[in-house]
Amino acid sequence: MLSRDAVKLINILVSSDDFVSGSRIAQILGVSRATVNRLIRELEDVGFVVESHPRLGYRISIRDDLERIGGREIFRGFAAYRVEYMKECSSTQDVVDLLAREGAPEGTTVVCEKLSRGRGRLGRRWEAGEGGLWFTILLRPPSIKSLQLLSLAGGVSVAKSIRELFNIDARVKWPNDVIINERKVCGILIEARAEADRMQYVMIGIGINVNNTLPQDLQSTAITIKSIVGVDVPRAPLLKSTIRGVDSFYRKLLEGVSVDIVREWSLYSSTIGRRVKAVTPDVEIEGVAVGLDEDGALMIEIEGREVRKVIVGDIIHLREYKPSSG
Ligand code: BTN
């Protein structure tokens, strides 16, 4: 968690288009110059890209922060996460697929400014224009209990990062959307390559609407972080924080522990406790979402009697969500 002074420093730097001198920051915060240096390092640790100039002071990079971390390892946890930055590609899934076949190590992450053929779940197209955060992480689990859990882990990591960095009430919606005010801010696509008895690699594709402009037809169902904060926001901290979250869940999954993912997902869920309609490839089921099973399937209670498990499909929330008090 960031210290209070670090949060104040973010506000000072984000609200200024230009450099702010170290002595000015020290004066506003009422701290020493040494403390300013420590606070700057604190911001860099969580992923902010801070430019420093010996005479002018400091400035947070916002529009080009992803470009600036390109070619660098941004986090080392269970795996080492090195970011490749691209201006444009068809889909980051295609690029990572290619790199994986050439033997790229686990943790390789491709982030791209604009996708010409972004892919969504169930063969859908994904709109990915400039200003969003579009990336794919390569993992190489020897075997994995459930890809569904990995995808839930991605959603929880994004929702927690948005909450922590921007103080926004982001929630997860089954199976793997992140929503704000019932509108989609993030989608996740998991693709894997496996041989008969062995997993070769998994690609976690994450798309977050950050500073991008949404096409007209998505404006009533999708939302960007910028539209809530009111100004362009940096994407590198969101990338780093999400990767950090995915890494810690991934480690647990490899140890065979899934309870943490299910528990945390339920904590941030906007689906559990609600009346929903599940649209699966075979049937439509209406009832109350009562929880997840240990593999991440959604359990729906129909008319207070039978409980059915939904493994694949989409969910429509039928009743307004009211967060429980306390
Ligand atoms: C969905 O909700 O349908 C999933 C959307 C996933 C979009 C991301 S953007 C980065 C990665 N590259 C892609 O082509 N798709 C995923």
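Numbering of residues begins from 1 in every chain and follows the order in which that chain's sequence is written. Local features in a predicted model are, by the rule used here, given only for residues with pLDDT of at least 70; side-chain atom pairs are given and counted only at 80 or more, and totals for whole chains, interfaces and linings are based on all residues. The basis for every side-chain value is the complete set of heavy atoms in the structure, and neither hydrogens nor water enter the calculation.

(A) The nonpolar core, seen in detail. We call a set of buried residues a nonpolar core when its members are Ala, Val, Leu, Ile, Met, Phe, Trp, Tyr or Cys and they connect through side-chain atoms within 4.5 Å of each other. For every residue, the accessible area (1.4 Å probe, protein chains only) is compared with the maximum for its type, and the residue is labelled buried under 20%, exposed over 50%, or partly exposed between those bounds. Of all hydrophobic cores here, the largest spans 64 residues; its most connected members are Ile162, Ile208 and Ile225. Numbering goes from the N terminus for both helices and strands, where a helix is a DSSP run of H or I of at least four residues and a strand is a run of E of at least two. The dominant element in this core, judged by the number of residues it contributes, is helix 6 (residues 147-166), at nine residues. By definition in these notes, contact holds between two residues if any of their heavy atoms fall within 4.5 Å. Every residue in contact with Ile208, bar those within four places of it in the chain, is listed here: Gly132, Leu133, Trp134, Phe135, Val158, Ile162, Val185, Cys186, Ile225 and Leu238.

(B) Expanded view of the packing of helix 6 against helix 9 (residues 259-267). Only the stretch in contact is used when fitting a helix axis, every axis being a line fitted to C-alpha atoms; angles between N-to-C directions are given from 0 to 180 degrees. In contact at an axis separation of 9 Å, helix 6 and helix 9 are set at 45° when each is read in the N-to-C sense. By the angle between their directions, the pair helix 6 and helix 9 is classed as oblique. Between helix 6 and helix 9 lies a crossing of left-handed hand. Mapping the contact onto sequence places Leu149, Leu152, Ala153, Val156 and Lys160 in helix 6 and Ile261, Val262, Glu264 and Trp265 in helix 9. Note on residue categories: nonpolar means Ala, Val, Leu, Ile, Met, Phe, Trp, Tyr, Cys or Pro, charged means Asp, Glu, Lys or Arg, and polar means any other residue, Gly included. Each residue belonging to the contact of helix 6 with helix 9 can be placed in one class, and the counts come to seven nonpolar, no polar and two charged. If an angle is under 35 degrees, it is roughly parallel; if it is over 145, roughly antiparallel; if it lies from 65 to 115, roughly perpendicular; otherwise it is oblique. Each crossing is labelled by how the near helix is turned from the far one, with a counterclockwise turn of less than a right angle marking it left-handed and a clockwise turn marking it right-handed.

(C) Structural detail: the layout of surface pockets. Considering only enclosed or pocket space, the largest pocket measures out at about 800 Å³ in volume. Lining of the largest pocket is provided by 30 residues; of these, Leu2, Ser161, Glu164, Leu165 and Phe166 occupy positions nearest its centre. Looking at the lining of the largest pocket, the elements that each hand over two or more residues are helix 1 (4-14), helix 6, helix 8 (236-254) and helix 9. Per-element accounting of the lining of the largest pocket gives the leading share, seven residues, to helix 8. Broken down by class, the residue content of the lining of the largest pocket amounts to 15 nonpolar, eight polar and seven charged. What the second largest pocket holds in volume is close to 680 Å³. Two kinds of site are reported from a 1 Å grid over the protein atoms alone, namely cavities, where a 1.4 Å probe fits but cannot get out, and pockets, open sets with protein on both sides within 12 Å along at least five of seven lines, and residues are called lining when an atom falls within 4 Å of a point. Lining the second largest pocket are 43 residues, and of these Arg125, Trp126, Asp177, Lys184 and Gly187 sit closest to its centre. Within the residue set of the lining of the second largest pocket, elements represented by two or more residues are helix 5 (92-101), strand 6 (133-139), strand 8 (177-180), strand 9 (183-194), strand 10 (199-208) and strand 15 (314-317). If one sorts the elements of the lining of the second largest pocket by residue count, strand 9 sits on top with five residues. Split into classes, the residues belonging to the lining of the second largest pocket amount to 17 nonpolar, 15 polar and eleven charged. Grid points are joined across faces, edges and corners, and a volume is the space filled by probe spheres set on the points.

(D) Molecular detail of the site of the ligand. Nearness is defined per residue: one heavy atom within 4 Å of the molecule or strand is enough. The local shell around the ligand holds 19 residues, among which Ser91, Thr92, Arg119, Arg121 and Lys184 are the closest. Any pair of nitrogen or oxygen atoms within 3.5 Å is treated as a polar contact; in protein, a donor-acceptor pairing is required on top of that, and neighbouring residues in sequence qualify only through side-chain atoms on both sides. The contact in question runs from a nitrogen atom of the ligand to an N or O atom on the backbone of Arg119, over 2.7 Å. Interatomic distance of 2.7 Å between a backbone N/O atom of Arg121 and an oxygen atom of the ligand. When the ligand is considered free in solution it has 410 Å² of accessible area, and contact with the protein chains removes 99% of it. A pocket or cavity is taken to hold a molecule when more than half of that molecule's atoms are within 2 Å of the pocket's grid points. Taking a 2 Å distance to the grid points as the criterion, the majority of the atoms of the ligand fall inside the second largest pocket. Within the residue set of the shell around the ligand, elements represented by two or more residues are helix 5, strand 6, strand 9 and strand 10. With four residues, strand 9 is the single largest residue contributor to the shell around the ligand. Grouping the amino acids of the shell around the ligand by side-chain chemistry returns six nonpolar, nine polar and four charged. For the area figures, the Shrake-Rupley method with a 1.4 Å probe applies, and any residue is considered shielded solely by the protein chains shown.

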